[in-house]
Each structure stands twice: as structure tokens, then as C-alpha cells.
Amino acid sequence: MRGLTEALRELAYRLLREGEVELFLGYSWGTLPLVVRPCFATRPEQVEAFIFNPLCLPNLVKYLLRFEGRRVAVVVKKCELPSFRQLLADRNLERKKIRLVVAPCGGLLDPAKLQKEFSGQPLEFIADRGKEYVVRVGEEEKVLAKQLYLYPRCFSCPQKDEDLEPEDIRLEFSTSLPSLEVDPYAGVSYLEERPAEERREFWDRVFKRCIRCYACREVCPACSCHECCFDPPLPGWQRTVDWMSKAHWLPEIYQYHLTRALHVAGRCGECGECERVCPVKIPLMLLVKKLAKEIQSLPGVEPGILASYSPDDPEPH
Amino acid sequence: MSVKEWEPKIVAFLCHWCSYAAADLAGVSRFSYPPNVRIIRVPCSSRVNPQFVLRAFAEGADGVLVAGCHLGDCHYVKGNYYARRRLWVLQRLLEFVGMEPARFQVHWISGAEGAKFAETIKEMVDKVRILGPNRLFQEVKDICVG
Amino acid sequence: MDYRVITQEKLPLFLSALRQSFLLAAPVEEEGEVYFRLLEDPSQVYLGPRPSRVPPKIFFFPPTEPLLRYRREGEKWEVFSAEQDPRPLILFGLRPCDLQSLKALDAVFLASPPDPYYAARRENTLLLGISCPEVGPGCFCVTYGYSPTTSEGADLHFTLLGKFYLVEVLTPRGKKLVQDYASFFAGETAGALEAKQSKEASLLAKFVAPPQLTGVKEKLPSLYHDPYWEELAWRCLGCGICTFLCPTCHCFDIFDRGEEEGERLRCWDTCLFKEFTLHTSGHNPRASLSARLRNRFYHKLLYHYERYGVEGCVGCGRCVVFCPVNIDIREVMVEVRRRGSSGF
Ligand code: SF4
Ligand code: SF4
Ligand code: SF4
Ligand code: SF4
Ligand code: FES
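Note that the structure is predicted; figures quoted are calculated from it, not measured.

1. Things to note about the overall build of chain C
- Helix and strand counts for chain C stand at 11 helices and 11 strands.
- By the compact-globule yardstick of 20 Å for 344 residues, chain C fits well, its C-alpha radius of gyration being 22 Å.
- Residues counted as buried form 57% of the 344 residues belonging to chain C.
- For chain C, long-range pairs separated by at least 24 residues make up 73% of all intrachain contacts whose partners lie at least 6 apart in sequence.
- Counting every atom, chain C has about 14800 Å² of accessible surface; 53% of that belongs to carbon and sulfur.
- Charge centroids of chain C, computed over 41 positive and 43 negative side chains, lie 3 Å from each other.

2. Regarding the domain arrangement of chain C
Residues and elements named next belong to chain C.
- Each domain of chain C was delimited in the assignment, giving domain 1 (2–204) and domain 2 (216–339).
- Computed from C-alpha coordinates alone, the two centres of domain 1 and domain 2 are separated by 26 Å.
- Contacts between the two partners involve 41 residues from domain 1 and, on the opposite side, 41 residues from domain 2.
- Across the domain 1/domain 2 interface, buried area totals approximately 3500 Å², and carbon plus sulfur atoms make up 62% of it.
- For the domain 1 face of the interface with domain 2, the top three residues by lost area are Y70, F140 and Y144, together amounting to 20%.
- At the junction of domain 1 and domain 2, the tally comes to four salt bridges.
- The partner of E260 in a salt bridge is R72, with the nearest N and O atoms 3.3 Å apart.
- The tally of links between domain 1 and domain 2 comes to 22 residue pairs in polar contact (both at pLDDT 80 or more).
- Secondary-structure elements contributing two or more residues to the side of domain 1 that touches domain 2 are β4 (64–73) and α2 (96–109).
- No other element matches the 10 residues that α2 contributes to the side of domain 1 that touches domain 2.
- Its residues assigned to classes, the side of domain 1 that touches domain 2 comprises 26 nonpolar, six polar and nine charged.

3. What to know about the site of ligand 2
- Around ligand 2, the structure places 13 residues, and the nearest of them are C210, C213, Y214, C216 and C278 of chain A.
- Of the residues belonging to the shell around ligand 2, the class tally is 11 nonpolar, one polar and one charged.

4. Section: the environment of P55 of chain C
All names here are of chain C.
- Considering the arrangement of structural elements, one finds P55 in the loop between β3 (33–38) and β4.
- On the basis of relative accessibility, which here comes to 0%, the residue P55 falls in the buried class.
- Once the C-alpha coordinates of P55 and T248 are considered, the two residues, 193 residues apart in sequence, prove to be 8.9 Å apart.
- When residues no more than four places from it in sequence are discounted, the contact partners of P55 are F244, L245, C246, P247 and R318.

5. Some words on the pairing of strand β11 (residues 261–268) of chain C
Residue and element names in this part refer to chain C.
- For β11, the tally of buried residues reaches six of eight residues, placing the bulk of the element in the interior.
- Bridge count between β4 and β11: seven bridges; the pairing is antiparallel. Looking at β11, one finds that Y70 is bridged to G262.
- Relative to β11, strand β10 (residues 252–257) runs antiparallel, the two sharing six bridges. Along β11, the bridge assignment pairs F252 with W268.
- Taking the residues that link successive antiparallel strands as the turn, the β10-β11 hairpin has three residues, and the phi of G258 there is positive, at about 110°.

6. Considerations on the nonpolar core
- If you look at the biggest cluster of nonpolar residues, it comprises 204 residues, and the most contacted ones within it are F24 and W203 of chain A, F104 of chain B together with W229 of chain C.
- If near-sequence neighbours (up to four positions away) are discounted, W203 of chain A is found in contact with L191, K208, Y254, P283, L286 and L287 of chain A together with F96 and V97 of chain B.
- The next biggest cluster of nonpolar side chains, apart from the first, holds 27 residues, and it includes V28, V167, L177 and Y181 of chain C.

7. A word on the interface of chain B and chain A
- Taken together, the contacts link 40 residues of chain B with 48 residues of chain A.
- With both chains or domains summed, chain B and chain A bury close to 4200 Å², and 65% of this area falls on carbon and sulfur atoms.
- Per-residue buried area on chain B facing chain A is highest for R85, W88 and F96 of chain B; these three make up 22% of the total on that side.
- Seen at the junction of chain B and chain A, the total is three salt bridges.
- Residues E197 of chain A and R135 of chain B are paired through a salt bridge, measuring 3.0 Å at the closest nitrogen-oxygen approach.
- Taken together, the connections running from chain B to chain A amount to 16 residue pairs in polar contact (both at pLDDT 80 or more).
- Residue assignment for the side of chain B that touches chain A shows that the elements contributing at least two residues are α2 (50–58), α3 (79–96) and β4 (104–108) of chain B.
- Broken down by element, the side of chain B that touches chain A gets its largest block of residues, 14 residues, from α3 of chain B.
- In the side of chain B that touches chain A, the residues fall into 22 nonpolar, seven polar and 11 charged.

Reading the values: the criteria
Residues numbered from 1 in each chain as written. Chains lettered and ligands numbered in written order. Predicted model: local features only at pLDDT ≥ 70, side-chain atom pairs only at ≥ 80, totals over all residues. Heavy atoms only, no water. Helix = DSSP H or I, 4+ residues; strand = E, 2+ residues; numbered from the N terminus. Rg over C-alpha atoms; globule rule 2.2 N^0.38 Å. Buried < 20%, exposed > 50% of the residue type's maximum accessible area, 1.4 Å probe, protein only. Contact = heavy atoms within 4.5 Å. Areas by Shrake-Rupley, 256 points an atom, 1.4 Å probe, with all protein chains shown as cover. Lys, Arg positive; Asp, Glu negative; His and termini not counted. Charge placed at Lys NZ, Arg CZ, Asp CG, Glu CD. Domains from an automatic or database assignment. Buried area = accessible area lost by both parts, 1.4 Å probe. Salt bridge = Lys/Arg side-chain N within 4 Å of Asp/Glu carboxyl O. Polar contact = N/O pair within 3.5 Å; in protein donor to acceptor, adjacent residues only side chain to side chain. Nonpolar A, V, L, I, M, F, W, Y, C, P; charged D, E, K, R; others polar. Near = heavy atom within 4 Å. Pairing = 2+ DSSP bridges. Core = buried A, V, L, I, M, F, W, Y, C linked by side-chain atoms within 4.5 Å.

This is the structure:
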């Protein structure tokens, strides 16, 4: 990884110094163990902070909206390309001002799984060795099998980086993801097979935890509306008609989550950021995956599926 | 509210050109149907944003019906095709979170089908009555939130 | 102050006994994370190192508080007062930072005239604190001059020392509780106070470079127009996590839910949402995310203290740990001390 980090810094340095981009968007270490955070460099001397390793979880593409019209380079992983393309299309971003820097990712390391396994011990990431991660646990270096500590989204890694522009940059570094045979809809199918009553209890329990912080929406690249239907257009007491009140009660919470799931259906790139940021661990990906699964079964599915139709669509009951 | 006095509340979104006319016809022709339904007239079934349905449930509906022209007869040519896809997806989602299928129904009822309208309402009310009050989206005021 | 001890085995029995006469809430694990829940089975209390994700302010300042109910009959409006659960509540497992956070909330809600809803809930609730078993990665209570074993604010406070807990009896209500449930406690506390002190010392030794408070308040005013806030806000999502999970954040919005019949509700609000300061005219004095984020830190680190003489942050570390993009108030404090100057 060291070589990769170095290559990344050199690239950022060059692009900023030569004025090819005004901003380089990447990752740096955060202030907590195993935490990596988004990092923004506008001057060549700032590039020393950049890193790339399997703890670089955040999807940075939505930040592009904040710098619309500026020349920006952004580090992406392959799995984030669908969300990038969607954002580009939805918000009509100027593609030629954006430089994608595709990082060679061999699968992300799930810090939650590590913390669970080695709770209470100091943890430090050392290296990605293809089939294994090397992590320092306390005083000891441990070699951990990748598939046991892989971040959930990596189980459905697209492993492709097509449709890049000639100006985009692929960082070369040998990495590999062990081949994984998993059903991306396993969680959805499991829940589908439970009795309706149990499904309701499940969603009641998890939704009751929602604090309506809207982090899931703020981070979502498919939620890029200028005005979201959940943002009240008028201050407090003057509101008469709203989609729903600010109460943290189930009717409102269900409305929010089901609406959002429908709004992003067919546009969601399954980057999993909504689930990552949720402070009360609501399994939001179950909803979007459920819809993705249903939509795949529709005939003649095109982009914007819910705003299109086919004469052969199934009948509602 | 005791179970005895509970009556199902059905919200029906009816397209102006067909199903609303069918409701009218049912009235004029004196086909009887239960009074549990609150009708909301919409220009076309495709006017029904899924959020309307969610909001109706959140505000206490026990069942929601969307009805429009038969496929091919939509006044706006393709409106009900759009509605069909969208509402089919909404049905899958509602069932996934545990709602009983009978609570949210979509039917195509032409302006001439007053009897079919009355029959649809009657059947729906009967089914929802058996299911009881809608418990999904129900208010739970628990002191341990978050 | 009065002291008792209770053995580890007897603690769940004591909690079971409390459940007979009180509503009892404590941290438990739900799907692997820690939340305050009404306790069904006292053996499920979570006593480990992680603090609850959602702070116990929900019991005093709930996310949704009905203030009154109303109904219209023709031209006439009828208004009813909202009922609160009258059953006395016991909260077990409050961390020292949770207890400190109530000082900050009390300053807001109990200042004259007191908020009747908050006051009634405070009055109706007994606070059973517990010393932290570990120092978490986001914790910086020491910055504010207390420690992971500080009992201030509790009615009873528990500190695990080997196989038993030292119980500090801090208030008359706490005293009544240990008297009513005397059979669970022993009065022999020889050596326990010293043991608690050495436990405190060993926990304090675990803080690595906690941020310093000196100079922060003095220097903040000079940084109001500093580009730092803009750069920090680049990363910020503008979500409500840091404020909603903060045990001392207390902003709310009031509105009516229901047209002909309904409730007037008071709900959590946050300065990070763009409509928070939206005026009727459409003008928004804090239109940019950087202005909103700056406001949060000024409020936590300066305004709250200026207005109430009580710190607005207690160093619980929730915002540090749960911010999805690692915006860390400790780092902000360091930056403020580095960049700012005192006076104007
Ligand atoms: S929830 Fe819907 S309206 Fe809101 S931002 Fe997302 S897609 Fe847009
Ligand atoms: S991030 Fe989690 S808690 Fe926040 S609004 Fe989304 S689901 Fe609710
Ligand atoms: S600082 Fe973090 S938690 Fe707070 S609003 Fe910004 S992104 Fe959300
Ligand atoms: S500002 Fe952060 S550390 Fe301070 S009390 Fe609030 S959540 Fe805890
Ligand atoms: S006009 Fe009746 S469904 Fe479109």
C-alpha cells in the first residue's frame, strides 16, 4: 500500500502544481483508530495527507456537487462508478471538468468486524496482501483471511471500470479480491420468507431507532435534489401542508424511508453509504436491494425505471 | 376505540375520466356499497404519487385503492401504464415491510362499470374488515426512542 | 456522603426488585449496539465500555413532546393538556458524562420560568450513575475537569471494584432508595474509597493528550471570519447526527400535527439543517453549511457558557465517534488554540 499512497501523492502533487485541477479529493487518516476520512487539497503542499488503503470506506462522488463548475480530481473505487454516472446524469455535471482517479481496490476491510472480534485491543492496519489483510492487534501482527473481514459492499464488487474518459487516471497497483460466491439478495430473500407479522415487527423495531438525522439522505449520491420533499419549505408554525411532520413517530419514519427507497429505486448505485453513516445501524440496504431485485424482474428495464413502463409489466393486485 | 365500533377506513384515488365516473354511475344507479370509502378524485391514475398512498396510511387509512381507466383507455394515453409499474413496485415494498396485500389495491374500472365499482369496494371493505385496523405505520409512543 | 456496597451478583436482583415499583430503563444491546431501553430482564443490562449511542436526554427532552392536544367542534376549538406517564422512572447506568450533561440541560430548561414538561420529567426520575470501566477512543471528560468515575449529579452512583460495587449515596432520594431496599446492600465499605481513588487514577492515566480548554473561549471570537470553518465544512454532510446524539444539544421546533384534531408537538431540531434559521421572508442568516457548522462549535464551546455559566460540551465523545466523516470537536479545539488570538 505504501507504493500506492506514494503514487497517489505524486499524482495529486502534479495535478495541483500544474493547475490541471483546482481541487483533489481523496482520503486521509482520521483522528480515531481505523478511521479514514475525506480529504481536500487545493495546494500542492497539502498532498502529504493523502492515503489509500482498504479502510477508505467513504464514497466521495457526492462532494462533486459542492464544487460544480470547478476542475476537480476525485479518487473513486470501481464500485462507486455507477453512483458517479447517476450523479452526472441527474445533475448534468460537466464531465470534462472531472478527473476520475480510479484506485486499485482489492476489497475494503470492515472495521466493525475487526472491532467486534478484537474488542478493547488497540488495532492498526498494516497491509493488504491479496488474499489476506495484515493487522496489528495489540502488540501482535495478525494475518486475517480477507473474506472474513470484508466490508459488506465488496461481496458484490463489480470488478469493472469501463466507460472512463481518456483523461481519467487508473492508478496501477497489484491487488486482488478473492473470488466470492455470494447471493447479493440473500438478506432480502431471508426476510421475504419470514411471515408478514415478523417482517412488520422487524421494521417497527429498527425504524423506531431512527432519529431522523437525514445522514442517509445527505450522503446518498442518488439523493441529489435541490429541494428534497422532506425539507419543509417554510419555517415551523407557518407550515400548513407538509408531506409529513417532524415527529419521530413511526408513521413519519415509515413515510420517510419508503419514499426515499422509491425515489432512489433504479438510480441507487448500491454504494451502501446510507447504511454506513446511520448512527443507529438501520439496515437501509435491505430496502434498496429489495427494490433492485423487484425492478430487475421487470421487462424492458431502462434507466429511470419508475418513470417508464412496458406493456408487459406485471399487474398490481 | 373498541373493536366493536371500529369501521375500516378506505381511501380511494379515482381517475376523473373513468373510475370516478364509475363511482358516479354506481350512485345514480343505486348500486349499494359500504360507506367506508373516502373518494379523492385525481386527473389520472398516474397522478397518484406513491407518497399519496403512504400518507393516507400514515394518516390512519386501513386500506387504499387506486383505480383508473382500463389499459389502453387512459385519457392521457399512457398514464395508467406508468401508474401500473410504479404502484406494482409500491405493492412489493409495502408487503416487504409487512403490510397485508389486501390493504393496497389497484383496479381498472371504466366509466360504464358502476356495478364493478360497487363490487370492488364491497370486496375490499370485507377483506380489510377481516384484517382489522392497520397496524403498520401505527403510532407507538415509547419513552425509549432512538 | 453516605456509602454502601453491593455485590455483583446482587445488582441484577436489586434491579429486578426496583422493577416492581418503578419504570426502569438502562443500556442494553440491540443488534450489537447500545441503547437505553426499558429493562425487561435485569441480567441484560450492558455494563461494558461503550456508551449508549443515543444519549439519555431522550428521557427528559424527548425527540417528540406533545405539548397539548386540540380538537375543533364547528367554530369552537377545544384544548386539552398533554399527559405524561406519571409512573416514576429510574435510569440505571448513566455515565459521568451523562450526569454532567444534565447540568447543561437544566441550565436551559429549569431557568426561570422553568419548562414544565422537562421539570416534571426531571422530578419524576431517579438517576443511578455508574463509573466507566474503560476510556473510549472519543472520550475527553478530563478536559472539563471531571473523570470517568465522577458521581456528581446522581442519586446513587456505582463503581465496580473487583467483585462488588461501591455505592455512593448522594441525595436524600438516593438515601431513601437504599433504605427501602436495604437488604441488597452492605454498610461495610472499608478500603472501598481508596480502591475507587486508585481506579480513578488508573483510568485518568489512559487519556492520551486530551484537548486543553484554556484559551478556547477567549480565542473563538477572533476566528469568526476565519477560512477554517469553510474548509471544515467541505467535509461535513450537514446531517443531524452530532447534534441529535449530543447529550447537551437542546434545540427544538414547535408545530401542530393534524388539522381539525391533533397535537402541538415539540420536536428536536438542529442548527445543521438549512431550514433551522429560515425566516418567513425567505432570508436565511445561516444559509451556508460553514456558517451552520461554525455555529455548532461556537454554541458548544462558547455561547452556552456565556449565557448560562455552564459548559455546553461535556466531552462524551459521541459526536466524535459517530460523525460519518470524522469531524472531531477535539481537533477543532486544538485548531482554535493554535490559530486564534485573544481579544479582538
Ligand atoms: S429523498 Fe427523494 S426528494 Fe429527498 S433528496 Fe432523496 S430523492 Fe430527492
Ligand atoms: S441515518 Fe439512520 S437515524 Fe439518520 S435518518 Fe437515516 S435511518 Fe434515520
Ligand atoms: S459534523 Fe458530522 S455529524 Fe455533524 S453534521 Fe457534519 S457530518 Fe453530520
Ligand atoms: S459536543 Fe460532542 S463531545 Fe461534547 S457533549 Fe456534545 S456529543 Fe459529547
Ligand atoms: S385518465 Fe384514467 S387512468 Fe389515466
